[in-house]
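# Survey of secondary and tertiary structure
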Amino acid sequence: MERLRFALVALSCCAAGLSTTSAATAEAAEKSDADQKADAAKVDFTRHIQPILAKRCFKCHGPAESEAGLRLDQREAAVAELESGEAAIVPGKADASALLHRIAESDADLRMPPEGEGKPLSAEEIATIRRWIEQGAEWSQHWAFTAPTRPNVPKPRDAGWVRNPIDAFILSRLDGAELKPAPPANKLALLRRAYYDLVGLPPTPEDVDAFLADDSENAYEKVIDRLLDSPHYGEKWARQWLDLVRYAETNGYERDNPKDNVWKYRDYVIAAFNEDKPYDRFVIEQLAGDELDEPTAESITATGYYRLGLWDDEPVDGEQAFYDGLDDVIVTSSEAFLGLTVGCARCHDHKLDPIPQTDYYRMQAFFANLQHGNTQRDVGTEEARKKHAELEREHGEALKRLREQIASIENRIYETFSNPEKEDAKDDRVRREMIAERRGRVLAKDELREYLALKEEEQRASRTKLPPLDKALAAQEKGDRAPDTFVLARGNAHAKGDKVEPGVPQAIAVGKLELPDVGRNGSSGRRLALARWIASPENPMTARVMVNRLWQFHFGRGIVRSSSDFGYQGTPPTHGDLLDWLAAEFVDRGWSMKSMHKLIMMSSAYRMSSAGDEAALTKDPTNELFWRFDMRRLTAEEVRDSILAASGELNSKMYGPSVFPPLPAEVLATASRPGAGWNKSSPEEAARRSIYVHVKRSLRHPMLQSFDAPDTDTGCAVRVSTTVPTQALSMLNSRFMGEQAGELAKRLTAERPNGLPAKVIHAIRVTTGRTPDDREVNDDIKFIEALQADEGLTAEHALRHYCLMILNTNEFVYLD
C-alpha cells in the first residue's frame, strides 16, 4: 500500500518542490546571483547595474518618464545637474551622489523608489550601486544590443571534466564560486533524458537493454545521432516552436470557427526540424516565403505563421480590428525572433527599453499591406496546377457544347413564336417558360427525348465540382504598393498622426536593410527585406535568442531566463560569454539546430545528475551556475504520449489533418458554442501523438490543459509548471486513463503470459525503463493480491488497477 499512497500523492504533493517558475524561486535566484556578484572586484554596468535601474527606477526615470528632470537610461542625463542643483550620480564619488542617498534613505517619505512603486532596494543592490559609482560609474550599451563576438574559451582548473567548450564556460564559473559539478547521471537516467529531450517519447525496454550493454566510448553519441535522425524529433521540437508562435486551429471569439488547412503550417514546422532546415532560412520562409524570388508550396505554407492568431470575423470596428491583428503580428514577431517586447510601444514610448513609439509603427509598416483574415493560397505542384487547368478547360468545353446543342433546339422553338411573343420572350424567365410550354408541340417525340436528356446532362455538368487545388492558409498582400503607415495616438486606428516609413528598432539597427522601390507579383517585398535583416548574422539578437531557446529546452531554463525579453526588463544572462560563444558557433555551423543539439547534449554539463550537494545548495539554491541538472516533469504532450506508448496504443502516423480524441459531454459543453467544432475521430486516429490533436481556442483538451499546455491567444516562451489537484484527478479518474490502464493490462498479459511476477517486472520496465529488484516485485504482487482478497476484484481487474497505479507514479512523469 505504500506504493499506492506514493502514486496517489505523486502529482498533488511531491512535485511541488520541483517547480522552477514560482515567484519564490525567482527571488531566490536573484538573491543567490547578487550574493555571488557582491564578491566581484569589478562591477559591470550591463550585468549588475542596468537590471536594477530598469526594474526599480526606469518607470519614473527612464525612456518614457523623467520626473524631476532625471533620466537614468542615459549617462549624460544621469550625471547632469538636476533641478535641485545636485547630481544624481557623481562618478567616483558615491557619497556626493544624490541617487545613493535617496535609495538608502531610512525615511520612507524620502526614499526611492517611493512607497507604492515597489519595495526598497536590498542592501546588496545598494552596495553594488555604491561600488559602481566609486569605480567611475562606467556606462556601456545594453549587452543584448551589441553584436556577439566569439569570446575566448576559458581554462578551468579541472581540464579532465571538459568535453567541449560549453563545459569550460560552465566550470570556470563554478571554479569562481568554489563549487564542483554534480557527478554524471547514470546511464538509464541519461538515456531517458535524451529520448524525451529529442523525440518526446520514452525508450523501450529493448532500447534500454541495448544502451546498457554497449560499453563502447561512443555508445551515447550513437544514441544522440539516431534520435536526431528519427522523424519523431521533428514532432517533439515543432511543439516547442508552435508555443512561441501562438499556434491554434480556430479563430477564437464567440464562434471560434476553424482555420481551414492551418494544420499544413504545423506539418511544415515538423518537416523543417526533421530536415534540419537552417534557422535563417526557417525565419525567412515564415516571414516572407511568398515574396522569395522562387516561392514554393513549402515556403508559401510557412507564411501561415501570420494566420495563427486570434481573428474576429465580425468586428464592431473593422479598422481597429485590422490594427489589432497587425499588433498580434508585431508582438509575436519581435518576441519570437528578436527577444524584444516591441508591442509595449504601441500606445506610447516603451517604458523601459529604448524603443520609441515611432519604432513600433515603423515595424508595422512592413506588415501593413497584409490582407486581414484567413486567406487561402494555392500550394499545389506545377504538375497538379497544369492538370487542374486541363480539367477546367475540358469541362468548360464540354459544357459549352451541351449548351450550344440545347440553344440550337430552343431556337427552333423560338422561331415559332409570334412577334408579340418574341417581344415577351426578351425576358429570360418568360422565354424559358414559353419554351417549356411550346416544346411538346414543336418537337417530335425523339427530338423531345434528346432535348430533355441534354438539359439533364447540362444541369449535372453545371453542378459538377472539379477536385480543388491544394490550398494552405497563408499570407496574402493587397498589391505591389503598400499603403502609408501613420503613428496612431494611443493605438487608436482613428487618430492618425505622423507618417512613418518602414524601419527596424533603432536600438539594434545594425546591418543593411534593403527595401525594394516597388513590389512585384502582388506583394510589396517589404516583409522579405525585414526577414533578411532579422536572419542576418550581423543582427545582434537572432542567433542569441535561438541558442538561448535551445539551451532552455535542454536545461529547463535559458541562460537568459526571460527568453522572449532580452531588453532592460528581462533577466541578464547568467553566463553571458557562453551565450555569445553559442551564438557565434550557431552561425558558423550554418544555423544548424541539430548540430547545436548534439553539441549541447555531448557536454559534461548536460550529462550531470540531479544529485544535490549541501555546499552547492547553500551557495546556489536555484542552480544559477548549472552545478547540477535540474529534474523536470514531462510536458503535457509527453505525459499523454507516454501513456499511449506504455499501453501499446500509440499510433505513430505522421502529418495530415488534426485528430479529435473523445471528450466528455461536460467538457464539450464548455466551448463557446457548446457541442460545436469537435469532430469524432476513429480510435486509431485518436491515439496519435498529441501534436496532432486539434487545438481549439475555446475548448482545450482537459489532460493537456491540466498539465500546463499553453494558452494560445499569445505566444508562450516558457511554460509554467504547476502542481494542482486536477492533475491527480485526471490521472486517476478520467475515462482515458481507465481505458489506457486496461490496454496496458492486456499488453502485459499478451507479452508476459507466464505468471504475475513477469507481468509486474514488465510493467515497471515499460513505464520507467529500469529492472526492479525482488523486494519491489514482491511488494507489488502483494498489492495486486490484496486488491483481489480485500476488494473482491478479479485477477483481470486487479491487474488493471495496478496498471493505473503504475501510470501515476512520479517515476513515470518525472525525468531525473
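Above this text you will find the structure in question.
Cut-off values and rules
Per chain, the residues get numbers from 1 upward, laid out in the order the sequence is written. Whole-chain, interface and lining totals are the exception, using all residues; otherwise, since this is a predicted model, local features are given only for residues with pLDDT of at least 70 and side-chain atom pairs are given and counted only at 80 or more. The basis for the side-chain values is all heavy atoms of the structure; hydrogens and waters are excluded. For the purposes of this entry, the term helix denotes a DSSP run of H or I that reaches at least four residues, the term strand denotes a run of E that reaches at least two, and both are numbered from the N terminus. For accessible areas, the Shrake-Rupley method is used with a probe of radius 1.4 Å. Any residue's cover is judged against the shown protein chains and nothing else. When two rings of Phe, Tyr or Trp (its six-membered ring) have centres within 6.5 Å they constitute a pair, described as stacked for plane angles under 30 degrees, edge-to-face for angles over 60, and tilted for the intermediate range. Using a 1.4 Å probe on the protein chains alone, a residue whose accessible area is under 20% of its type maximum counts as buried, one over 50% counts as exposed, and one in between counts as partly exposed. Look at NZ for Lys and CZ for Arg. If either is within 6 Å of the ring centre and within 35 degrees of the ring normal, a charge sits over the ring. Axis definition: a line fit to C-alpha positions, over the contact stretch in the case of helices; interaxial angles, taken between N-to-C directions, run 0 to 180 degrees. For classification purposes, an angle smaller than 35 degrees is called roughly parallel, one larger than 145 roughly antiparallel, one from 65 to 115 roughly perpendicular, and anything else oblique. By the definition used in this description, the sense in which the near helix is turned from the far one sets the handedness, with an anticlockwise turn below a right angle giving left-handed and a clockwise turn giving right-handed. Any two residues whose heavy atoms approach within 4.5 Å are treated as being in contact. A carboxyl oxygen of Asp or Glu within 4 Å of a side-chain nitrogen of Lys or Arg is what we treat as a salt bridge.

### A short note on the overall build of the protein
Helix and strand counts for the protein stand at 36 helices and six strands. If one aligns the C-alpha atoms of the protein with their principal axes, the spans along those axes are about 115 × 85 × 50 Å. For the protein, the exposed surface amounts to about 36600 Å²; the carbon and sulfur share of it is 51%.

### Comments concerning the packing of aromatic side chains
Inspection of every chain in the model, using the stated rule, returns 34 aromatic pairs. Ring geometry for F145 versus Y568: centroids 6.1 Å apart, planes at 35 degrees, classification tilted. Residue F145 is found in the loop between α7 (123-134) and α8 (165-176), and its partner Y568 is found in the loop between α23 (542-555) and α24 (576-588); the two are separated by 423 residues along the sequence. Taking the relative accessible area as the measure of exposure, Y568 reaches 9% and is therefore buried. Just above the ring of F211 sits the side chain of K187; from NZ or CZ to the centre is 4.5 Å.

### Let's talk about the packing of helix α34 (residues 774-791) against helix α35 (residues 795-806)
At a closest axis distance of 9 Å, the pairing of α34 and α35 adopts a crossing angle of 130 degrees. The angle between the axes of α34 and α35 places the two elements in the oblique class. By crossing handedness, the relation of α34 to α35 is classed as right-handed. Residues D780, F783, I784, L787 and Q788 of α34 pack against A795, A798, L799, H801, Y802 and M805 of α35.

### Here we look at the pattern of salt bridges
Applying the stated rule across the entire model yields 67 salt bridges. Taking the shortest distance from any N to any O, the salt bridge between R56 and E125 comes out at 3.4 Å. Remark: E125 occurs in helix α7 and R56 occurs in helix α3 (residues 45-56); sequence separation between them is 69 residues. Of the charged contacts in the structure, one is a salt bridge between R735 and E739, with a shortest N-O distance of 3.1 Å. Pair noted here: R735 and E739 are both in helix α32 (residues 735-751), with a separation of four residues, about one helical turn. Among the residues examined, R735 registers a relative accessible area of 69% and is labelled exposed. The class of E739 is partly exposed, set by a relative accessible area of 39%.

That is the geometry; function is a separate question.
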